Amino acid sequence: MKLNVPDLMNEFTETSHQIMKGMETLRNIAEVKVATSPKTLVWQEDLVKVYRYDRETPATCEIPVLISFAMLNRHDVLDLQPDRSLVQRLLEQGLDIYIMDWGYPTREDMYLTMDDYINGFLNDAVDFVRESHKVQKIHKIGICQGGTFSTIYAALHPEKIQTLTTLVAPFDFSTNDSILFKWTKNLNVDAMVDSLGMIPADMLNNAFGMLKPTMDISKYTGIFSSIHDEDKLMNFLRMEHWKSDCPDLAGEWYRQYIKDLFQDNKLIKGELEIGGHKVDLKNIDMPVLTIYATEDNIIPPDATKPINEAISSKDKELYQFVGGHIGVFVGGRSQKELGPAIGKWIQKRS
């Protein structure tokens, strides 16, 4: 095979030019900002906060919405940037949005349990929103592990929830359709918690990165070809900023979460106890919207869909989102289709 030297030199020159332009773009970036939608801190209890998103116009939905994201990541991905913001799409639908910020636990929080988070922080936050609006019930949205906890909460306190919406949340942990579920079933979580106290964020991030290692390689090769494009580069940097900004986890809640749910599958079996109270999914009789992603390599559809048969709600819907786990929050289809669909579904039941 004969090498075409002029073509190689042209490609080398073009690549060098792209790299130089990319380096100049990087030098001019002062700060990578995410979650820029204006919001106001309205409630705080220890490390947990609740923010209310500012609205330019009054909400058309009288019943407020409280969102809780997974504690393994930050909620900022729901408002990554103006054109990739599930929060903004919900605000555009006339909803009054509150969001929980679980904070950054430290070693003094290592003994916090699932009961502390669900019947403590979450229940207190729900009561705050209810009292602020003088309503008996609020709309609850829970995402990923935050959706699992929101469902547990709705089963324990159904009288406080108008509707329950969950996105890519696990409920039936018996599936082996994801490497995550296979790994976790064999995890010696007692040894981890007893030796570490807190579960380090870096360890969890590395584990999630191994679920699909080719994705990490392809994203870096992909960004290289567009490193000179400031908009595409900023999109990449915002997502990387979010992925790297993860909190450590309180050991005791993590222990119960892994053992009772991933390993013993107690939630869907009706055997889970939180704070001495049995979690009966049949108590969930409010309207429920359950969203799963067809290409989710973290929370497979088979871990989500069984909840629809386990609850007693007559008004319940399984919503199939064509895409992956993160695409539910930041993908173009999410912005055009999913956000408006959730908003309309909630408005109709207010």
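Before any of the text, the structure's been laid out above.
Conventions we followed
Residues numbered from 1 in each chain as written. Predicted model: local features only at pLDDT ≥ 70, side-chain atom pairs only at ≥ 80, totals over all residues. Heavy atoms only, no water. Helix = DSSP H or I, 4+ residues; strand = E, 2+ residues; numbered from the N terminus. Contact = heavy atoms within 4.5 Å. Areas by Shrake-Rupley, 256 points an atom, 1.4 Å probe, with all protein chains shown as cover. Expected span 1.5 Å × (residues − 1). Buried < 20%, exposed > 50% of the residue type's maximum accessible area, 1.4 Å probe, protein only. Core = buried A, V, L, I, M, F, W, Y, C linked by side-chain atoms within 4.5 Å. Polar contact = N/O pair within 3.5 Å; in protein donor to acceptor, adjacent residues only side chain to side chain. Pairing = 2+ DSSP bridges. 1 Å grid on protein atoms, 1.4 Å probe; cavity = no way out; pocket = protein on both sides within 12 Å on 5 of 7 lines; lining within 4 Å. Points joined across faces, edges and corners; volume = space filled by probe spheres on them. Axes fitted to C-alpha atoms, helices over the stretch in contact; angles between N-to-C directions. Parallel < 35°, antiparallel > 145°, perpendicular 65-115°, else oblique. Nonpolar A, V, L, I, M, F, W, Y, C, P; charged D, E, K, R; others polar.

Enquirer: Describe the overall build of the protein chain, listing the residues and the values that go with them.
Expert: For the protein chain, the helix and strand inventory stands at 15 helices and 14 strands. Taking the intrachain contacts of the protein chain between residues at least 6 apart in sequence as the baseline, contacts between residues at least 24 apart amount to 78%. Accessible surface computed for the protein chain: about 16,400 Å², of which carbon and sulfur atoms make up 51%.

Enquirer: Summarise helix H4 (residues 145–156); cite the residues concerned and give the values.
Expert: Residues three or four positions apart in an α-helix share a direction because the helix packs 3.6 residues into each turn. Between its terminal C-alpha atoms H4 stretches 17 Å, which fits the 16 Å expected from twelve residues at 1.5 Å a residue. Buried within H4 we find Gln-145, Gly-146, Gly-147, Thr-148, Phe-149, Ser-150, Thr-151, Ile-152, Tyr-153, Ala-154, Ala-155 and Leu-156.

Enquirer: For the nonpolar core, give the residues involved together with the corresponding values.
Expert: Among the nonpolar cores identified, the biggest contains 99 residues, and Leu-78, Ile-152, Leu-167 and Trp-253 are the most heavily contacted of them. With eight residues, helix H3 (residues 114–133) is the largest single contributor of residues to this core. Sequence-distant contacts of Leu-78, that is, excluding residues within four places in its chain, are made with Ile-67, Phe-69, Ser-85, Leu-86, Val-87, Ile-99, Ile-143 and Phe-329.

Enquirer: Explain the side chain of Arg-74 to me, using residue names and the numbers behind them.
Expert: Tracing the backbone shows Arg-74 in the loop between strand E3 (65–68) and strand E4 (79–81). According to the relative accessible area criterion, Arg-74 is buried, its value standing at 10%. At 2.5 Å, the side chain of Arg-74 and the side chain of Asp-101 are in polar contact.

Enquirer: Pulling in residues and values, what's your account of the pairing of E3?
Expert: Covered by surrounding structure in E3 are Val-65 and Ile-67 together with Leu-66 and Ser-68, the residues of both alternating faces. One ladder, built from three bridges, connects E3 with strand E6 (residues 97–101); its direction is parallel. Its bridge partner lying in E6, Leu-66 is registered against Tyr-98. Examined bridge by bridge, E3 and strand E7 (residues 138–143) share four bridges and lie parallel to one another. Note on E7: the bridge partner recorded for Leu-66 is Lys-140.

Enquirer: Quick rundown of the layout of surface pockets? Include the residues and the values.
Expert: Taken as a whole, the second largest pocket encloses approximately 240 Å³ of empty space. Around the second largest pocket, the lining residues are Ser-37, Pro-38, Asp-54, Arg-55, Glu-56, Thr-57, Gln-88, Leu-91 and Glu-92.

Enquirer: Report on the packing of H4 against helix H10 (residues 251–263), specifying residues and quantitative values.
Expert: Here H4 crosses H10 at 80°, and the two axes come no closer than 14 Å. When the interaxial angle is binned, H4 and H10 end up roughly perpendicular. When H4 is examined against H10, the residues Gln-145, Thr-148 and Phe-149 are found in contact with a partner set consisting of Trp-253, Tyr-257 and Leu-261. Residue composition of the contact of H4 with H10, by class: four nonpolar, two polar and no charged.

Nothing here speaks to function; it is geometry throughout.
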